[in-house]
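Listed here are the chains, written in short residue letters.
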Amino acid sequence: MPAPLYPDFFNDVFGPIMQPGSAGGFAGPVRIGNAARALAGGDVKKVRFLFNPQKQPLAFLVNFMSDRGYLGGILGFPPDDERLFEAHALARRQGMAYDFGYFDDGAEGNREVVIHIENSRGAAYTMNAASVGGGMIRVSGINGFPLAWQADTHLVFLEDPEDRFSSRDMQTLAESLSSGPGSSLVRFASIRSAEGRRAYTFEFSSAPPKGILGAPIEDPSGPLKGLRLYRLPALLPVPSRRDKKPQLFTTVEEWRQIAGDRGISFAEAAIAYEKDSSGWTEKEIWDFFEHIAAILDNQIHSLEKAGYEKVRDTALLPVYGRYWNRYAEKTRGISDGLTQHIIRHALSTNAKIPGVKIVPAPMGTGGGYLFSALDAVREHYGYGHERLIQSLAVAAGLGALAFTHTNASGEVGCVGESGICCAMAAGAVSWLCGGDGRTVENAASMALQANIGIPCDPISGGLEFPCITRTIRAAVTAPLYADLALAGINPLIPYHEMLGVIEKTHKTATGDCLSGPCCGCNMTATAKACRARLEAASTADLHFTPA
């Protein structure tokens, strides 16, 4: 039986651990580049990245640092490697030719990228893939064969160019590999290209020894000679397992019921969810939350540590925290002390300092904004560290439910990113301040109700607007919704039903009114001028041919 698929805390919600940037626009392309590099066996001499001009204009690639992500992945860098920022220079130094361009007129693509690779021996490879939000990817094609791989397993891809083996032969091989204790085979599939060529995929939860599939194929006298073999590693921190248990809960009501039936706390029930998903021990899960908290704590204090006046502006992002610090030193400000505390953390999060790692939740810097609210409330009212870590687990549970019921990304509008971030933060603050499962749900539902219908419309070259205004609002309003829930106010609509509203709005929306370069703030003349300036200044760097 195939392993069940449902959101995991450390794959979908808090992840990936990465360099500053958009999870979908930076870490996702890094992982796609990593997969394409593995397809070519790590030997890449020339690469072309082709996009749909309507869905992914080149200016957006530069704006989200996707160009550096794709190139850095091809160079073998993981999402948390600071060398990603120098990917263009390092690729050129290696003499690797690269080009970013568009599909030919009439070509299909949606939001996919088609990658054409050549190695030093002239062998060619093709991969179709998409970054689907939150650093998650979907590989839909390899060398003309359709498949659906999301980098959650170790993939062995076999081409049978001479059609020497039947599906039954390979099914028998798969059955032999899945038998016995310790087997890590998760899935097997037989696939055909549009031209009728045959290929097979074997997916493992851990890297299989070469002797299982590699040696017999590489041996000219082996029983599987004639096949072409490619190995692509799992790129997610929690690979899928054959013995993964069914999803423990899909609504907050079920979550509360699990806690009550087992006589454990609401936060402990969240840990039980992740234990069923990942197979990790409770200690391993709590330790990973501690690891995440340490990264987020460093991020929200990064401007203080580096020095507000020492961190340099970049071409696409001024250090707004510097403006706030100067303002705070001269005046008491208008907002209350807690709000100002959150703003200080949030603007440190927004600074995106190279080398300061981040953890998305669900958007690229969402974990930092969520933690900005949590840590400010913790410090302001003196709550303990243990309760803070529990609150992160509660936030992860709300995030997992978001990914269960909708696409928690900008494709569904800004509610899929800053809105869900606000809901996770509001529920977590409610728990931090002594709330229970019901107040957690009520706070999260109210946060979503306030965010429905907002488009995801980042301005190319727009110096982080309007994203910064919405993400800071998400952080500073989280305590508001927690307060309302703790006061006993019932928002009427359960959290999962509000998530269903997001999904239904997305499916019934027309055109690009919810997400992309043609909606919201991007419809203004100023936004169009910003995009034109960015294209003129930056896209010339997207092409390189060695002399």
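Computed from a predicted structure; not experimentally measured. (Residues numbered from 1 in each chain as written. Predicted model: local features only at pLDDT ≥ 70, side-chain atom pairs only at ≥ 80, totals over all residues. Heavy atoms only, no water.)

### A word on the overall build of the protein chain
Here is step 1 of the chain: Within the protein chain, the regular secondary structure consists of 20 helices and eleven strands.
Here is step 2 of the chain: Here the C-alpha coordinates of the protein chain stretch approximately 75 × 60 × 45 Å along the principal axes.
Here is step 3 of the chain: The buried share of the protein chain, taken over its 547 residues, is 58%.
Here is step 4 of the chain: Sequence-distant contacts in the protein chain: of pairs separated by 6 or more residues, those separated by 24 or more amount to 74%. (Helix = DSSP H or I, 4+ residues; strand = E, 2+ residues; numbered from the N terminus. Buried < 20%, exposed > 50% of the residue type's maximum accessible area, 1.4 Å probe, protein only. Contact = heavy atoms within 4.5 Å.)

### Let's talk about the sheet that holds strand 7 (residues 154–160)
Here is step 1 of the chain: Taking strand neighbours across the sheet as the criterion, the four strands line up as 8-9-7-10 in an open arrangement whose pairing is antiparallel. Because the sheet does not close on itself, it has two edges, and the strands there are strand 8 (185–192) and strand 10 (228–232). Within the sheet, the average angular offset between the axes of one strand and its neighbour, ignoring direction, is 15°.
Here is step 2 of the chain: As judged from the five bridges shared by strand 7 and strand 10, these two strands associate in the antiparallel manner. If you follow Phe157 over to strand 10, its bridge partner there is Tyr230.
Here is step 3 of the chain: In the packing of helix 6 (residues 167–178) onto the sheet, the strands contacted are strand 7, strand 8 and strand 9 (198–204), and the crossing angle to strand 9 comes to about 10°. (Pairing = 2+ DSSP bridges. Axes fitted to C-alpha atoms, helices over the stretch in contact; angles between N-to-C directions.)

### As for unusual backbone geometry
Here is step 1 of the chain: Backbone torsion omega between Gly15 and Pro16 reads -5°, so that peptide bond is classified as cis.
Here is step 2 of the chain: Along the chain, Pro16 turns up in the loop between helix 1 (9–13) and helix 2 (23–39).
Here is step 3 of the chain: Ala361 connects to Pro362 through a cis peptide bond whose omega is -10°.
Here is step 4 of the chain: Among the structural elements, Pro362 can be located in the loop between helix 13 (337–350) and helix 14 (366–381).
Here is step 5 of the chain: Of note, Asn143 is a non-glycine position whose phi angle comes to about 50°, a positive value.
Here is step 6 of the chain: Assignment of secondary structure puts Asn143 in the loop between strand 5 (136–142) and strand 6 (145–149).

### So, the sheet that holds strand 6
Here is step 1 of the chain: Taken in spatial order, the seven strands line up as 6-5-4-3-1-2-11 in an open sheet, and their pairing is mixed. Two strands bound the open sheet, and with one partner strand each, they are strand 6 and strand 11 (543–544).
Here is step 2 of the chain: Bridging between strand 3 (residues 113–118) and strand 4 (residues 124–133) involves six bridges; their strand directions are antiparallel. Bridging across to strand 4, Ile115 finds its partner in Met127.
Here is step 3 of the chain: Helix 2 contacts strand 3, strand 4, strand 5 and strand 6 of the sheet and is inclined by roughly 155° relative to strand 4.
Here is step 4 of the chain: Along the sheet, helix 4 (residues 66–74) contacts strand 1 (46–51), strand 2 (97–102) and strand 3; its crossing angle with strand 1, the most-contacted strand, is approximately 145°.

### Some points on the state of the cysteines
Here is step 1 of the chain: Under the definition given, this model contains zero disulfides.
Here is step 2 of the chain: The closest cysteine sulfur to the non-disulfide-bonded Cys414 is located on Cys456, 5.6 Å from its own sulfur.
Here is step 3 of the chain: Of the cysteine sulfurs around Cys521, a residue in no disulfide, the closest is that of Cys519, at 8.7 Å.
Here is step 4 of the chain: Residue classification places Cys521 among the partly exposed positions, given a relative accessible area of 28%. (Disulfide = S-S within 2.5 Å.)

### Notes on the packing of helix 14 against helix 15 (residues 385–405)
Here is step 1 of the chain: At a minimum axis distance of 11 Å, the contact between helix 14 and helix 15 shows a crossing angle of 150°. The angle between the axes of helix 14 and helix 15 places the two elements in the roughly antiparallel class. Considering how the two elements wind past one another, helix 14 and helix 15 form a crossing that is right-handed. Residues Leu370, Phe371, Leu374, Asp375 and Arg378 of helix 14 form the contact with helix 15, whose participating residues are Leu388, Ser391, Leu392 and Ala395.
Here is step 2 of the chain: Across the contact of helix 14 with helix 15, the residue classes break down as six nonpolar, one polar and two charged. (Parallel < 35°, antiparallel > 145°, perpendicular 65-115°, else oblique. Left-handed = near helix turned anticlockwise from the far one by under 90°. Nonpolar A, V, L, I, M, F, W, Y, C, P; charged D, E, K, R; others polar.)

### A look at the nonpolar core
Here is step 1 of the chain: Within the largest apolar cluster, 90 residues are counted, with the highest numbers of intra-cluster contacts made by Phe14, Trp255, Phe289, Leu392 and Tyr495.
Here is step 2 of the chain: Looking at which element gives the most residues to this core, the answer is helix 15, with twelve residues.
Here is step 3 of the chain: If we ignore the near neighbours within four places in the chain, the residues touching Trp255 are Phe249, Phe266, Ala269, Ala270, Val394, Gly397, Leu398 and Leu401.
Here is step 4 of the chain: Ala23, Val30, Leu61 and Phe77 belong to the second largest nonpolar core, which has 56 residues in total. (Core = buried A, V, L, I, M, F, W, Y, C linked by side-chain atoms within 4.5 Å.)

### Points about the layout of surface pockets
Here is step 1 of the chain: In this model, the second largest pocket occupies a volume close to 1100 Å³.
Here is step 2 of the chain: The set of elements that each furnish at least two residues to the lining of the second largest pocket consists of helix 1, strand 4, strand 5, strand 6, strand 8, strand 9 and helix 15.
Here is step 3 of the chain: Class assignment for the residues of the lining of the second largest pocket results in 21 nonpolar, 15 polar and 13 charged. (1 Å grid on protein atoms, 1.4 Å probe; cavity = no way out; pocket = protein on both sides within 12 Å on 5 of 7 lines; lining within 4 Å. Points joined across faces, edges and corners; volume = space filled by probe spheres on them.)

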